[in-house]
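Fold and contact review
Residues per chain are reported as follows:
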Amino acid sequence: MMNSADINQQQLLDRFLQYVRIGTAANPESDDYPSSPGQLVLGKLLLNQLLNLGIADAQHDEHGLVWGTVPSTVNRPVPTILLNAHLDTSPEAPGDGCNPQVLEDYNGQEIRLLSGEVIDLESTPELASLKGHTLITTDGRTLLGGDDKAGIATIMQCVQHWMENPSIPHGPIRVLFTCDEEIGRGTKHFELCKANSLAGYTLDGGGAGCIDEETFSADGATVTFRGRNTHPSVGKGKMINALRAAAKFIDMLPCDQLTPETTSEREGFVHPYTIHGGVSEVTIQFILRDFDTSRLAEYAQLLRDTVDKVTSAFPGLTADVAICVQYRNMADALRKFPKAIDLAEQAYSDLRITSRRDSIRGGTDGALMSEMGLPTPNLSVGQYNIHSVREFASLNEMLIAANHVVRLMELWVQ
Ligand SMILES: [Zn+2]
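Residues numbered from 1 in each chain as written. Predicted model: local features only at pLDDT ≥ 70, side-chain atom pairs only at ≥ 80, totals over all residues. Heavy atoms only, no water.

With that out of the way, let us pick up the domain arrangement of the protein. Domain boundaries in the protein define domain 1 (9–215 + 329–411) and domain 2 (217–327). Relative to domain 2, the C-alpha centre of domain 1 lies at a distance of 36 Å. With twelve residues of domain 1 at the interface, the matching set in domain 2 holds eleven residues. Overall, the association of domain 1 and domain 2 removes approximately 850 Å² of surface from exposure, summing both partners, and the carbon and sulfur fraction of that is 45%. The interface formed by domain 1 and domain 2 contains one salt bridge. Residue Arg266 is joined to Glu214 by a salt bridge in which the shortest nitrogen-to-oxygen separation is 2.8 Å. (Domains from an automatic or database assignment. Contact = heavy atoms within 4.5 Å. Buried area = accessible area lost by both parts, 1.4 Å probe. Salt bridge = Lys/Arg side-chain N within 4 Å of Asp/Glu carboxyl O.)

Before going further, it helps to spend a moment on the pattern of salt bridges. Here the structure, examined in full by the defined rule, presents 17 salt bridges. With a closest N to O distance of 3.4 Å, Arg357 and Glu213 form a salt bridge. With Arg357 in strand 15 (residues 356–360) and Glu213 in strand 10 (residues 210–215), this pair connects stretches of sequence that are 144 residues apart. Judged by relative accessible area, Arg357 falls into the partly exposed class, the value being 36%. (Helix = DSSP H or I, 4+ residues; strand = E, 2+ residues; numbered from the N terminus. Buried < 20%, exposed > 50% of the residue type's maximum accessible area, 1.4 Å probe, protein only.)

A separate point is the coordination of the zinc ion. On the protein side, the zinc ion has His86 (NE2), Asp147 (OD), Asp204 (OD) and Asp204 (OD) as donor atoms, found 1.9 to 2.3 Å from it. Coordination at the zinc ion is irregular, judged from the four donor atoms that bind it and the angles of 56 to 142° they form at the metal. Of note, the donors binding the zinc ion are all from one chain and are spaced H-x60-D-x56-D. With Asp147 in helix 3 (residues 146–164) and Asp204 in strand 9 (residues 199–206), this pair connects stretches of sequence that are 57 residues apart. Take Asp147 and Asp204: they sit in the same class, and that class is buried. (Donors = N, O, S within 2.8 Å, 3.2 Å for Na, K, Ca; no water. Tetrahedral: all angles 85-135°; square planar, octahedral: opposite > 155°, others 65-115°.)

Further remarks concern the nonpolar core. In this structure, Trp162, Phe177, Tyr201 and Met409 are the most contacted members of the largest nonpolar core, which totals 79 residues. With ten residues, helix 10 (residues 395–411) is the largest single contributor of residues to this core. Looking at this core, you find at least three residues from each of domain 1 (9–215 + 329–411) and domain 2 (217–327). (Core = buried A, V, L, I, M, F, W, Y, C linked by side-chain atoms within 4.5 Å.)

It is worth spelling out the sheet that holds strand 13 (residues 281–290) at this point. Think of a sheet as strands paired side by side through backbone hydrogen bonds, with each pair either parallel or antiparallel. Strand order in this open sheet of four strands is 12-13-11-14, and the pairing throughout is antiparallel. The two strands at the open ends of the sheet, each matched to only one other strand, are strand 12 (269–277) and strand 14 (318–327). For this sheet the average axis-to-axis angle between neighbouring strands, irrespective of direction, equals 20°. As defined by bridge partners, strand 11 (residues 217–226) adjoins strand 13 across ten bridges and the pair is classed as antiparallel. Its bridge partner being in strand 13, Arg226 is matched across the sheet by Glu281. Sheet strands in contact with helix 5 (residues 242–252) are strand 11, strand 12 and strand 13, and its direction is about 20° off that of strand 13. (Pairing = 2+ DSSP bridges. Axes fitted to C-alpha atoms, helices over the stretch in contact; angles between N-to-C directions.)

This part takes up the layout of surface pockets. Rolled over the atoms, a probe as big as a water molecule pinpoints where empty space is left. Volume-wise, the second largest pocket comes out at about 200 Å³. In terms of lining, the second largest pocket is formed by 13 residues, of which the most central are Pro254, Cys255, Thr259, Val270 and Pro272. At the level of secondary structure, the elements contributing two or more residues to the lining of the second largest pocket comprise helix 5 and strand 12. Looking at the lining of the second largest pocket, the element that brings in the most residues is strand 12, giving three residues. (1 Å grid on protein atoms, 1.4 Å probe; cavity = no way out; pocket = protein on both sides within 12 Å on 5 of 7 lines; lining within 4 Å. Points joined across faces, edges and corners; volume = space filled by probe spheres on them.)

Packing of helix 8 (residues 339–350) against helix 10 leaves a shortest axis separation of 9 Å and a crossing angle of 120°. Considering the angle they form, helix 8 stands oblique to helix 10. Handedness of the crossing formed by helix 8 with helix 10: right-handed. Facing helix 8, whose interface residues are Leu343, Ala344, Gln346, Ala347, Tyr348 and Asp350, helix 10 presents His404, Arg407, Leu408 and Leu411. Among the residues making up the contact of helix 8 with helix 10, the classes are represented as six nonpolar, two polar and two charged. (Parallel < 35°, antiparallel > 145°, perpendicular 65-115°, else oblique. Left-handed = near helix turned anticlockwise from the far one by under 90°. Nonpolar A, V, L, I, M, F, W, Y, C, P; charged D, E, K, R; others polar.)

One pass over the full model with this rule turns up zero disulfides. You can see Cys98 has no disulfide; the closest cysteine sulfur is in Cys179, sitting 19 Å from it. (Disulfide = S-S within 2.5 Å.)

What follows covers unusual backbone geometry. Following Tyr33, the chain continues into Pro34 via a peptide bond in cis, with omega recorded as -10°. A cis geometry characterises the amide bond from Asp147 onward to Asp148, with omega recorded as 15°. In this fold, Asp148 is placed in helix 3. Phi is positive for Asn196, which is not a glycine, with a value near 50°. Its place among the elements puts Asn196 in the loop between helix 4 (192–195) and strand 9. Given the relative accessible area of 57%, Asn196 is considered exposed. With phi around 65°, His387 is a residue other than glycine that occupies positive phi space.

What follows is the structure, given as structure tokens:
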């Protein structure tokens, strides 16, 4: 049975606007946890809101993660399910001072932001299908942070809805807001026993009706070249320039394939994203990505083979390649527990919303949670153009996400 009361759309919008105004950009340069103080400000606000909604065990833990449990409304043992979203926003575009703009009854045309920046139909073809929606953009100077405050607002509004409508059937619902997802530290302080759930969902996806069941598998690689510096005046026969070696190394890697610039869909890549150093030493950071986990070893071998060619061309140069595991394709874990995805699909179909299973060319906190033993697919929550000043969100699709989650939690206790 569907619940009679509707989820309050105005409150959902107000929450979203309140949350995006708090700057929570993750800072990859910081070793602090969380990496930026705004995440603690938002976490504290959410703690207080959860307590005010009657979530007695709400907690803002020593790492800045927010936890809480919506108590079960059924009189028998049923599984606990986790709902997760992340507090931080991407550092790839300015995040502080977000000035959200609400566009009611959107007309389907290109959107000119106050800064002069334009969200056009060519680069954002999804706009055509959003005619009539309430969209939230920025003024064009910052990102919006709908990634992932759309997820936070949706979960918080669901919590309010459940607490105000105790006749809606559901089991214990564990709510978790994590920090620093965007810089790969989202599950650093995640505790499986504290989640104590059978399955989870991250609400951190684009559009509506998507169930992300796959992520990339991901490794990081650090390539270091060590040369020998001398005064340039006496460099003859003595200097070994690690900078030249590094330049040659990058140049020897494929650039017409295996790069983010030349791949899409299910193709993987080997991506150098930062370089530091000088004559005596250079380090280059890479990310290695593929849906097929076994290919990561091939990518690492490509780096080692290329390094060997470079070192043999520069006598005296030494080099090494260090690989670190980042996360694994969550499909591997989800296949063992298909119910998490099957019920998400059924909940969409019960709401007469077309759904599709999708894969993410990236990772989610859910990928790491799934690997740890908590199957956690990702669900749509109305995000668009994330990590950009052209980011926007659809209130209508956040509302769909909220209704979907409420239905999904009913299905878990049927
Ligand atoms: Zn996200």
